[in-house]
Amino acid sequence: MQRENDRSEYDPRVRNGDPDGFEAFDEDRPIRLGVSSCLLGNEVRYDGGHKRDRFVIDQLGPLVEWVPVCPEMEVGMGTPRPKLHLVRAGEELRMREIESGHDHTRAMRRFASHRVRALRDLDLSGFVLKKNSPSCGVTRVKVQGDRRSPAQDNRGLFASHLMRTCPNLPVEDEGRLDDAKLRENFVERVFAHRRLRGLFGRRWAKSQLVAFHTAHKLQLMAHAREYCHELGHLVASIDRRPRAEICEAYQSGFMAALARPVFRGKIAKVLQHAAGHLKRRLESASRAELADLIRDYRVGNVPLGAPVTLLRDHARHLEVAYLNGQTFLDPHPKELLLRNQD
Ligand code: SF4
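About the cut-offs
- Residues numbered from 1 in each chain as written.
- Predicted model: local features only at pLDDT ≥ 70, side-chain atom pairs only at ≥ 80, totals over all residues.
- Heavy atoms only, no water.
- Pairing = 2+ DSSP bridges.
- Helix = DSSP H or I, 4+ residues; strand = E, 2+ residues; numbered from the N terminus.
- Contact = heavy atoms within 4.5 Å.
- Polar contact = N/O pair within 3.5 Å; in protein donor to acceptor, adjacent residues only side chain to side chain.
- Buried < 20%, exposed > 50% of the residue type's maximum accessible area, 1.4 Å probe, protein only.
- Expected span 1.5 Å × (residues − 1).
- Arc of directions from axis to C-beta.
- Near = heavy atom within 4 Å.
- Nonpolar A, V, L, I, M, F, W, Y, C, P; charged D, E, K, R; others polar.
- Phe/Tyr/Trp six-rings, centres within 6.5 Å; stacked < 30°, edge-to-face > 60°.
- Lys NZ or Arg CZ within 6 Å of the ring centre and 35° of its normal.

In this section: the sheet that holds strand β3 (residues 84-89). Ordered in space as β4-β3-β6, the three strands form an open sheet in which the pairing is mixed. Both edges of this open sheet fall to β4 (92-97) and β6 (143-144), since each of them pairs with a single strand only. Where β3 lies against β4, six bridges are found, and the strand directions are antiparallel. Bridged to Val87 within β4 is Arg94.

This next bit is on the environment of Asp103. Looking at the secondary structure, you find Asp103 in the loop between β4 and α5 (105-120). Counting along the chain gives 36 residues from Asp103 to Val67, while the straight-line C-alpha distance between them is 28 Å. Excluding its chain neighbours within four sequence positions, the residues that come into contact with Asp103 are Arg94, Met95 and Arg96. A polar contact is formed between the side chain of Asp103 and the side chain of Arg94, at a distance of 2.9 Å.

A few words on the pairing of strand β1 (residues 31-36). A large share of β1 lies buried, amounting to six of its six residues. Of the two faces of β1, both are covered, the one formed by Ile31, Leu33 and Val35 as well as the one formed by Arg32, Gly34 and Ser36. Here β1 pairs with strand β5 (residues 126-129) via three bridges, running parallel. Bridging from a neighbouring strand, Val35 pairs with Val128 of β5.

Glancing now at helix α12 (residues 264-276). Taking 1.5 Å per residue as the helical rise, α12 with its 13 residues ought to reach 18 Å, and the 18 Å between its terminal C-alpha atoms agrees with that figure. Of the positions making up α12, those classed as buried are Ile267, Ala268, Val270, Leu271, Ala274 and Ala275. Taken end-on, α12 shows its buried residues confined to a sector of 160°, consistent with a single buried face. Summarising the contacts, the buried residues of α12 are in contact with α9 (217-223), α13 (284-298), α14 (305-318) and α15 (321-324).

Below, the discussion takes up the site of the ligand. In the region of the ligand, 14 residues are neighbours, and Cys38, Cys70, Glu72, Lys130 and Cys136 sit closest. For the shell around the ligand, the residue count by class is six nonpolar, four polar and four charged.

Before going further, it helps to examine the packing of aromatic side chains. For any pair of aromatic rings, geometry is given as the distance between the ring centres together with the angle between the planes. One pass over the structure, following the stated rule, counts seven aromatic pairs. Judged by centre distance (6.2 Å) and plane angle (55°), the ring pair of Phe200 and Tyr250 falls under tilted. Placement of Phe200 in helix α7 (residues 180-200) and of Tyr250 in helix α11 (residues 243-259) is noted, with a sequence separation of 50 residues between them. The residues Phe200 and Tyr250 share a single accessibility class, namely buried. Seen from the ring of Phe55, Arg183 lies directly overhead, with NZ or CZ sitting 4.0 Å from the centre. Over the face of the ring belonging to Trp204 we find Arg243, whose NZ or CZ atom lies 4.9 Å from the ring centre.

The following block contains the structure:
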């Protein structure tokens, strides 16, 4: 058995052809997130100020290790500095000083390329960027001269390079994190990304991928049932396809699935599915109580935390292994209270 497992293991260091240079995934290290430095309260903005963000510092801060980046400071602009904006030049966006028109596009692109390469080695699980910035903005950054309202994919130059180079990395701006749903989705993806790295960041075996997929089934179903099935087929094809291909396809499919928005109706169906695993073992009064709570959640009378807590308590008490292993019941630290806000 041991020999068979050994044969089915896949070591990413071998794939990279650089067994000594690969930093092994360290499970004990706290989650590492990149962040626009000004959101941490550092005085790096063009006017010498900062944009300290309470959610970033007070709520996420105690749970993660920050890797601050200020593209404009690190590229050598200093503070205070002339204000920048994006300007459309044909198909591309250029970064220029508003008053002088001095063009920083090439320097910023070169910087972004080096910095993002270095950041990849740090095994980040996500990035929180400053909204509207010509360097850090994630979406709808204003472009000088555009008549229409800013397009979804108008990004700051650093953010654009980061998101192109690391397509599976959860990235949000602090403005969107004010929205309770987007906030929960971002945090959920951060913790899922970390678990994904815990699997694929080191030697892994087929049985571990199967266990990982099984543990995430309800969570995937809540976001996108079709992705859950497709990923299941991918896992089943593991003996017929190169491991590197499985690894890449699973990671991108998994993160894309979790980025899909959730709705009460979809989640209520997943809760009912989960309750089905308890049906035969719960007394009728407890079954009815759980069903009522799921119904209350679906119509918006109680937050998601209410039925999930009851489900989890029953699953633990009755020792239902399948449910106890589901990340859907515990996708992120309870201190964040993210499931009590809607
Ligand atoms: S938005 Fe980005 S470039 Fe601007 S001050 Fe903050 S970290 Fe620096």
